[in-house]
Amino acid sequence: MTDNPPLLRVQGVTMHYGARRAVDDVSFDLWPGEVLAVVGESGSGKTTLLNAVAARVKPDAGRVGFMTRHDGMVDVYSMSEAQRRLLARTDWGYVHQDAVQGLRMNVSAGANVGERLMALGERHYGRIRTEAANWLQRVEMDAGRIDDTPATFSGGMRQRLQIARNLVTRPRLVFMDEPTSGLDVSVQAKLLDLLRTLTRGLSLAAIVVTHDLAVARLLAHRMMVMKEGRVVETGLTDQVLDDPQHPYTQLLVSSVLQP
Amino acid sequence: MMPGVGVKPVLRASGLSKRFVLHNQGGVELPVLEGVAFEAFPGECIALDGPSGAGKSTLLKLIYANYRASTGSVHVRHDDGVQAGAEVDMTRASAQTLLAVRRSTIGYVSQFLRTVPRVGSLDVVAEPLLAGTGADPEALRDAHRQAQDLLLRLRIPQRLWHVAPATFSGGEQQRINLARSFVRDWPVLLLDEPTASLDASNSATVVALINEVRKRGTTVIGIFHDAHIREQVATRVLDMGCFQPGPRSR
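Note that the structure is predicted; figures quoted are calculated from it, not measured. (Residues numbered from 1 in each chain as written. Chains lettered and ligands numbered in written order. Predicted model: local features only at pLDDT ≥ 70, side-chain atom pairs only at ≥ 80, totals over all residues. Heavy atoms only, no water.)

Looking at the overall build of chain A
Scanning chain A for helices and strands turns up 10 helices and 10 strands. Over its C-alpha trace chain A gives a radius of gyration of 18 Å, about what one expects of a compact globule, namely 18 Å for 259 residues. If you line up chain A on its principal axes, its C-alpha atoms span 55 × 45 × 40 Å. Evaluated residue by residue, chain A yields a buried proportion of 54% over its 259 residues. Taking as baseline every contact in chain A between residues at least 6 positions apart, the subset at least 24 positions apart corresponds to 66%. By element, 49% of the accessible surface of chain A is carried by carbon and sulfur atoms, the whole surface being about 11,500 Å². A gap of 6 Å separates the mean positions of the 30 positive and 29 negative side-chain charges of chain A. (Helix = DSSP H or I, 4+ residues; strand = E, 2+ residues; numbered from the N terminus. Rg over C-alpha atoms; globule rule 2.2 N^0.38 Å. Buried < 20%, exposed > 50% of the residue type's maximum accessible area, 1.4 Å probe, protein only. Contact = heavy atoms within 4.5 Å. Areas by Shrake-Rupley, 256 points an atom, 1.4 Å probe, with all protein chains shown as cover. Lys, Arg positive; Asp, Glu negative; His and termini not counted. Charge placed at Lys NZ, Arg CZ, Asp CG, Glu CD.)

A closer look at the overall build of chain B
If you tally the helices and strands in chain B, you get seven helices and nine strands. In terms of C-alpha radius of gyration, chain B reaches 19 Å, essentially the compact-globule figure of 18 Å for 250 residues. Overall size of chain B, expressed as C-alpha extent along the three principal axes, is 55 × 40 × 40 Å. Counting only residues that meet the buried cut, chain B has 50% of its 250 residues in that class. For chain B, the share of sequence-separated contacts (at least 6 apart) that also reach a separation of at least 24 residues comes to 70%. Total accessible area on chain B is roughly 11,400 Å²; 51% of this is exposed by carbon and sulfur atoms. Both charge centroids of chain B, one from 28 positive and one from 24 negative side chains, sit 4 Å from each other.

Regarding the pairing of strand S4 (residues 61-68) of chain A
Residue and element names in this part refer to chain A. The sheet contact formed by strand S1 (residues 8-17) and S4 spans five bridges and is antiparallel. Counterpart to Gln11 in the pairing with S4 is Arg63. The sheet contact formed by S4 and strand S5 (residues 72-75) spans four bridges and is antiparallel. Looking across to S5, one finds that Gly65 is bridged to Asp75. Hairpin connection from S4 to S5: three residues lie between these consecutive antiparallel strands. (Pairing = 2+ DSSP bridges.)

Description of the packing of helix H5 (residues 170-182) of chain B against helix H6 (residues 200-215) of chain B
Residue and element names in this part refer to chain B. The contact between H5 and H6 brings their axes to 12 Å, and the two run at 15°. With respect to their mutual orientation, H5 and H6 come out roughly parallel. Between H5 and H6 lies a crossing of left-handed hand. Between H5, through Arg175, Leu178 and Phe182, and H6, the contact on the second element is made entirely by Asn202, Val206, Leu209, Ile210 and Val213. Grouping the constituent residues of the contact of H5 with H6 by class yields six nonpolar, one polar and one charged. (Axes fitted to C-alpha atoms, helices over the stretch in contact; angles between N-to-C directions. Parallel < 35°, antiparallel > 145°, perpendicular 65-115°, else oblique. Left-handed = near helix turned anticlockwise from the far one by under 90°. Nonpolar A, V, L, I, M, F, W, Y, C, P; charged D, E, K, R; others polar.)

Quick word on the pairing of strand S1 (residues 11-22) of chain B
Residue and element names in this part refer to chain B. Pairing of S1 with strand S2 (residues 28-40), which is carried by nine bridges, proceeds in the antiparallel orientation. Paired with Arg12 across the two strands is Glu39, which belongs to S2. Note that S1 and strand S4 (residues 71-78) share five bridges and pair antiparallel. Bridging from a neighbouring strand, Arg12 pairs with His75 of S4.

Considering the interface of chain B and chain A
Listed per partner, the contact involves 26 residues of chain B and 29 residues of chain A. Of the roughly 2,300 Å² buried between chain B and chain A on both sides combined, carbon and sulfur atoms contribute 48%. Summed over the three residues of chain B that lose the most area to chain A, namely Arg68, Gln96 and Arg118 of chain B, the buried surface amounts to 32% of that side. For the interface between chain B and chain A, the tally reads 12 residue pairs in polar contact (both at pLDDT 80 or more). Among the elements of the structure, S1 and helix H2 (95-104) of chain B are those that each provide at least two residues to the side of chain B that touches chain A. Element by element, the count of residues in the side of chain B that touches chain A is highest for H2 of chain B, at seven residues. Its residues assigned to classes, the side of chain B that touches chain A comprises 12 nonpolar, seven polar and seven charged. (Buried area = accessible area lost by both parts, 1.4 Å probe. Polar contact = N/O pair within 3.5 Å; in protein donor to acceptor, adjacent residues only side chain to side chain.)

Observations regarding helix H2 (residues 81-90) of chain A
Residue and element names in this part refer to chain A. Among the residues making up H2, those that are buried are Arg84, Leu87 and Thr90. Angular distribution of buried residues about the axis of H2 spans 140°; they occupy a single face of the element. Close packing links the buried residues of H2 with S4, strand S6 (92-95) and helix H4 (109-119). (Arc of directions from axis to C-beta.)

A look at the domain arrangement of chain A
All names here are of chain A. Domain boundaries assigned for chain A yield domain 1 (1-91 + 173-259) and domain 2 (103-170). When each unit is reduced to the centre of its C-alpha atoms, the spacing between domain 1 and domain 2 is 25 Å. Between domain 1 and domain 2, the contact holds 17 residues from the first and 15 residues from the second. Summing the contributions of domain 1 and of domain 2, the shared interface buries around 1,300 Å²; its carbon and sulfur component is 68%. At the junction of domain 1 and domain 2, the tally comes to zero salt bridges. Our count for the domain 1 to domain 2 interface comes out at five residue pairs in polar contact (both at pLDDT 80 or more). (Domains from an automatic or database assignment. Salt bridge = Lys/Arg side-chain N within 4 Å of Asp/Glu carboxyl O.)

Structural notes on the packing of helix H6 (residues 155-167) of chain A against helix H7 (residues 185-201) of chain A
Residue and element names in this part refer to chain A. For the pair H6 and H7, the least separation of the axes is 10 Å and the interaxial angle reads 15°. The pairing of H6 with H7 is recorded here as roughly parallel in orientation. For the pair H6 and H7, the sense of crossing is right-handed. For the pair H6 and H7, the contacting residues are Gly156, Gln159, Arg160, Ile163 and Leu167 in the first and Val187, Leu191, Leu194, Leu195 and Leu198 in the second.

A word on the side chain of Thr199 of chain A
Residue and element names in this part refer to chain A. Along the chain, the position of Thr199 falls in helix H7. Accessibility expressed as a relative area gives 5% for Thr199, which makes it buried. Here Arg196 takes part through its backbone oxygen, which lies 3.1 Å from a polar atom of the side chain of Thr199. Contact partners of Thr199, with chain neighbours within four places excluded, come to Val35, Met176 and Leu204.

Considerations on the nonpolar core
Of all hydrophobic cores here, the largest spans 83 residues; its most connected members are Phe182 and Ile210 of chain B. Each of domain 1 (1-91 + 173-259) and domain 2 (103-170) of chain A gives at least three residues to this core. Those residues in contact with Ile210 of chain B, other than ones at most four positions away along the chain, are Cys45, Phe182, Leu191, Val220, Phe224 and Val233 of chain B. Within the second largest apolar cluster, 38 residues are counted, among which are Ala40, Ile106, Ile223 and Phe243 of chain B. (Core = buried A, V, L, I, M, F, W, Y, C linked by side-chain atoms within 4.5 Å.)

Here you go:
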């Protein structure tokens with residue numbers, strides 16, 4: 001497994017907000033099927049890093065290589081805008097913290113899921129509808145809601161719809177920004193379990209930004225701890241949580257209330 | 001039981017030490033283990049012996065690489081599919097290698113089951129058999145069958161098989177945890193007080209399971225507080241008193 005090339009190779013990514021370094025020289029590799037949690041407090045740069053790696057905001061320095069299906073490792077910022085957009089709609093997914101940003105609120109659930117298929121050239125209405133219904137079921141939504149708009153859905157349902165919309169094209173890599181925060185605790189547990197089942201079952205690689213260490217414990221193979229734009233500690237999830245080395249990680253782990 | 005001539009150890013620890021540094025409590029250092037050195041051979045059951053605080057659980061976690069060693073090495077023979085019997089140093093290996101070792105070479109039964117909400121017992125127990133099989137329905141049926149055998153042997157009532165273990169009693173959770181590890185044969189199996197909250201008949205089952213896997217060649221390294229259990233499973237006792245850190249200046 002170690003000899004396999006990584007799916008994603010991030011090297012020296014740096015982003016400034018004015019004079020402040022929001023992300024400072026971050027490098028890491030991600031392997032196929034691996035779930036990496038990026039943890040840290042608000043303002044630590046974790047969402048900025050996610051956006052840089054997901055080719056949404058170009059970093060001031062650094063490279064983001066992705067193992068494409070046909071052309072090997074390609075720097076995503078050297079791709080044409082069209083290539084990058086295609087990648088983002090097919091092999092990648094992006095789950096926003098606020099589902100409203102990741103959904104089209106005034107079209108039906110089915111159309112939300114079908115949109116990426118249509119972007120890939122699928123035109124057969126029946127097939128799109130069948131596939132959309134199939135994905136609604138996989139994220140444990142009532143397929144009878146296929147014609148309703150997400151505006152009528154609860155927060156948990158919207159988040160599940162957003163996940164279905166992303167996974168319908170069978171991406172190999174999904175970026176998730178605080179996917180469970182803002183939901184009720186009971187809904188959170190259900191969504192986490194769903195994400196865990198989907199990532200394991202589909203051998204999906206994922207980068208999950210979260211401030212919640214329990215989310216990291218449940219979902220991630222590996223963790224990266226950020227503070228003031230820098231990575232202060234990385235390791236297997238249980239290593240970082242059970243035997244934190246860096247003063248900041250120790251503070252973070254010991255600050256969690258255990259029910 | 002002494003290994004025969006030419007039999008190679010499955011695991012060897014050398015110069016292993018663990019010192020915790022608590023940065024947010026004035027940088028206080030807690031030395032727990034020092035100079036741990038031993039070899040473990042196929043078919044052995046090594047009981048770690050020492051009072052509480054002697055670092056027994058810490059040693060298991062160092063072997064599993066859940067804790068990071070301060071010094072020293074833990075070499076484990078790991079069949080990586082390319083080179084049979086290649087050695088991995090658990091204190092230095094990459095995250096990818098550690099995960100691979102944990103999938104097929106080292107099993108670990110901690111004292112606590114970390115449950116996932118909503119995943120039923122049968123699936124929890126079958127999971128170690130399904131790593132890397134994708135969604136093959138044949139593999140899933142087979143894994144469920146083997147998981148059922150263990151749930152039956154460990155007396156988990158059938159009505160609980162599809163219930164998530166989060167709400168189970170301590171003893172039931174421990175049995176799920178044990179079933180999950182005994183569902184496959186590991187070259188190395190680490191057991192942290194496997195019978196701590198079990199009644200006599202379930203303890204006897206665990207003794208039988210340990211002896212069965214040991215006879216099939218598994219190396220068991222465990223903590224067994226109950227002297228009666230220890231006598232029935234251990235082929236050798238490792239005295240943790242030899243690995244206590246000396247007095248320090250701070």
